[in-house]
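An overview of the molecular structure
Letter by letter, the chains look like this.
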Amino acid sequence: MSKLFMFEKPLGMRDTLPQLYNRKKAVRDQLAGEIKNWGYQYMETPTLEYYETVGNASAILDQQLFKLLDRQGRTLVLRPDMTTPIARVASSKLANDIPLRLAYEANVYRTQQDEGGRPSEFEQVGIELIGDGTITSDAEVISLMISALKKAGLQSFKVAIGHVGYINSLFLEIVGNEERANILRRYLYEKNYVGYRNHVQNLGLSSIDRDRLLKLLELRGDETKIVDAIDLAESEEGKKAGRQLRDLWKLLEVYGVTNEIKIDFNLVSHMSYYSSILFEVYAENVGSQIGNGGRYNELLEKFNQNTPATGFGIQLNRLLEALNAPEEEEKIDCILYSTERLAEAFALAEEKRKAQEKVVIQNIAGVKDVDSFTQKFDDVTYLIGKARGENK
Ligand SMILES: N[C@@H](Cc1c[nH]c[nH+]1)C(=O)O
């Protein structure tokens, strides 16, 4: 291995400099304002969890986990998401308070294979609604996400909603086994519809089955696609999934958010814990999803609780990219003083701070280039040399 250059950081790790920090905080606070207004309560969990418990239960591929050892020789992981740690807490300390409405803002960690611009550490703002298996809770979670994104100032975005059960039953019905279904799912996950089409053509299926698999690609668009999906499904499971989306759509109409919704029966997630309805948010100007979520009715079973749940996570850095807002300059004043006038400088600073103004006091002797230093401030007061009246 080559020697590391002094300023290099591990793959996918980012610094957040002051201007970006401020923007991030402002957006995080706007999201939190809305999330709290819907009665969700914020909580925290540790950055490290046991590999055996949370690491195993999380829906992230093993090779994407950061692993380390504690002094007892147990393997720990940096949490790869927040849903699994919250499921752990909801199954233990909070098990009696169900249904739970919990929220978080936290960094999560996933290793990256190469520096493809993807972070290995990123902040998620999210919620989990645990213990309510009705479709109304799916509608609540999706509506809250839309509402919070709007509050953060996001204008052009769409939430694609799909159903894991629909695709799974259709694939199994036609191709017969999980292995072959996985190949089809992979194409859809990569949104490689051309590849999917070619693969289906070469599968050696009857023309009816082939056409059904190809028709699946058309099940993306407005609510009319739900009716088409129910027609295309033959199994009860597939039809049921379609009906669930139909009911969900009606509820989303009540919430008044259907303008932001796109039906997408092709949706496949990289998270394996989703069990039925799932969704992804896309903003007009950002290539990758800025948030996602869905129902994960089997995850809490891994913590010995048979409890349904749903939730979403927004990737704060991608949301910031989508918002494209100019970096905010902080208004900070400066009092530049010479040593003999420190008391005067400090008194003035105290006065300004009491008035909620931000102010730096800086001894001029500690500054190399006064011109470039003072340029950074909104306003500069000079208290240099003897105070007026002193030299008479
Ligand atoms: N934890 C999921 C998002 C989510 C929250 N709740 C349900 N899903 C993720 O990291 O992609």
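Residues numbered from 1 in each chain as written. Predicted model: local features only at pLDDT ≥ 70, side-chain atom pairs only at ≥ 80, totals over all residues. Heavy atoms only, no water.

As annotated in an unreviewed UniProt entry, the protein chain carries the name ATP phosphoribosyltransferase regulatory subunit and is attributed to Priestia endophytica DSM 13796. Here the protein chain is described in UniProt, under the heading Subcellular location (unreviewed entry), as follows: "Cytoplasm". (UniProt positions renumbered as here; feature names shortened; annotations may be inferred.)

In space, the three strands of this open sheet follow the order β14-β13-β15, with parallel pairing throughout. In this open sheet, the two edge strands, each paired with only one partner strand, are β14 (359-363) and β15 (379-383). Averaged over all adjacent pairs, the angle separating strand axes in this sheet is 20 degrees, with direction ignored. Relative to β14, strand β13 (residues 333-337) runs parallel, the two sharing five bridges. Paired with Leu 336 across the bridge in β14 is Gln 362. (Pairing = 2+ DSSP bridges. Helix = DSSP H or I, 4+ residues; strand = E, 2+ residues; numbered from the N terminus. Axes fitted to C-alpha atoms, helices over the stretch in contact; angles between N-to-C directions.)

UniProt tags residues 24-323 as "domain: Aminoacyl-transfer RNA synthetases class-II family profile" (unreviewed entry). Structurally, residues 24-323 comprises 42% helix and 21% strand, and the distance from its first C-alpha atom to its last is 11 Å.

Time to look at the site of the ligand. Around the ligand sit 16 residues in total, of which Thr 83, Arg 110, Gln 124, Tyr 273 and Tyr 274 are the nearest. A distance of 2.8 Å separates a nitrogen atom of the ligand from a polar atom in the side chain of Tyr 273. The backbone of Gly 311 places a nitrogen or oxygen atom 3.4 Å from a nitrogen atom of the ligand. For the ligand, whose free accessible area comes to 300 Å², the fraction covered by protein is 99%. Of the residues in the shell around the ligand, the class split is six nonpolar, seven polar and three charged. (Near = heavy atom within 4 Å. Polar contact = N/O pair within 3.5 Å; in protein donor to acceptor, adjacent residues only side chain to side chain. Areas by Shrake-Rupley, 256 points an atom, 1.4 Å probe, with all protein chains shown as cover. Nonpolar A, V, L, I, M, F, W, Y, C, P; charged D, E, K, R; others polar.)

Let us look at the sheet that holds strand β10 (residues 277-283). Ordered in space as β1-β5-β6-β12-β11-β10-β7-β9-β8, the nine strands form an open sheet in which the pairing is mixed. Among the strands making up the open sheet, the edge pair consists of β1 (41-42) and β8 (220-221). Relative to strand β6 (residues 121-130), strand β5 (residues 100-109) runs antiparallel, the two sharing 10 bridges. Note that in β6 the partner of Glu 105 across the bridge is Val 125.

Looking now at helix α11 (residues 316-323). Across the eight residues that make up α11, a large majority, six, are buried. Looking only at α11, the buried set comprises Leu 316, Arg 318, Leu 319, Leu 320, Ala 322 and Leu 323. Looking at the buried residues of α11, the elements they touch are α1 (18-37), β6, α4 (135-151), β10 and β12 (309-315). Where α11 terminates, the next one or two residues include Asn 324, which has phi positive at roughly 50 degrees. (Buried < 20%, exposed > 50% of the residue type's maximum accessible area, 1.4 Å probe, protein only. Contact = heavy atoms within 4.5 Å.)

Looking now at the pattern of salt bridges. What the rule picks out here adds up to 22 salt bridges. In this structure, Lys 9 engages Asp 15 in a salt bridge whose closest nitrogen and oxygen atoms are separated by 3.6 Å. In this structure Lys 9 comes out as partly exposed when scored by relative accessible area, which is 38%. When its relative accessible area of 53% is taken as the criterion, Asp 15 is described as exposed. Glu 236 is paired through a salt bridge with Arg 243; the nearest N and O atoms lie 2.6 Å apart. Look at Arg 243 and you get partly exposed, because its relative accessible area is 29%. What you see here is one network of salt bridges that share partners, running through Glu 173, Arg 212 and Glu 234. (Salt bridge = Lys/Arg side-chain N within 4 Å of Asp/Glu carboxyl O.)

Okay, the side chain of Arg 23 next. Within the element layout of this structure, Arg 23 appears in helix α1. Not counting chain neighbours up to four residues away, the residues in contact with Arg 23 comprise Leu 320, Leu 323, Asn 324, Ala 325, Pro 326, Glu 327 and Glu 328.

Now for the packing of aromatic side chains. Tallying each qualifying case throughout the model produces seven aromatic pairs. For the ring pair Tyr 166 and Phe 265, a centre distance of 4.7 Å and an interplane angle of 55 degrees mean the geometry is tilted. Of the two residues, Tyr 166 sits in helix α5 (residues 164-175) while Phe 265 sits in the loop between β9 (261-264) and β10, which places them 99 residues apart along the sequence. Both residues of the pair, Tyr 166 and Phe 265, count as buried. Between Tyr 273 and Tyr 296, the ring centres sit 5.7 Å apart and the planes meet at 50 degrees, which makes this aromatic pair tilted. Remark: Tyr 296 occurs in the loop between β11 (291-295) and β12 and Tyr 273 occurs in the loop between β9 and β10; sequence separation between them is 23 residues. Neither residue differs from the other here; Tyr 273 and Tyr 296 are each classed as buried. One aromatic cluster in this structure is built from Tyr 273, Tyr 274 and Tyr 296. The lysine or arginine in question, Arg 74, covers the ring of Tyr 50, its NZ or CZ lying 5.3 Å from the ring centre. When the ring centre of Tyr 193 is taken as origin, the NZ or CZ atom of Arg 220, which lies over that ring, is 3.9 Å away. (Phe/Tyr/Trp six-rings, centres within 6.5 Å; stacked < 30°, edge-to-face > 60°. Lys NZ or Arg CZ within 6 Å of the ring centre and 35° of its normal.)

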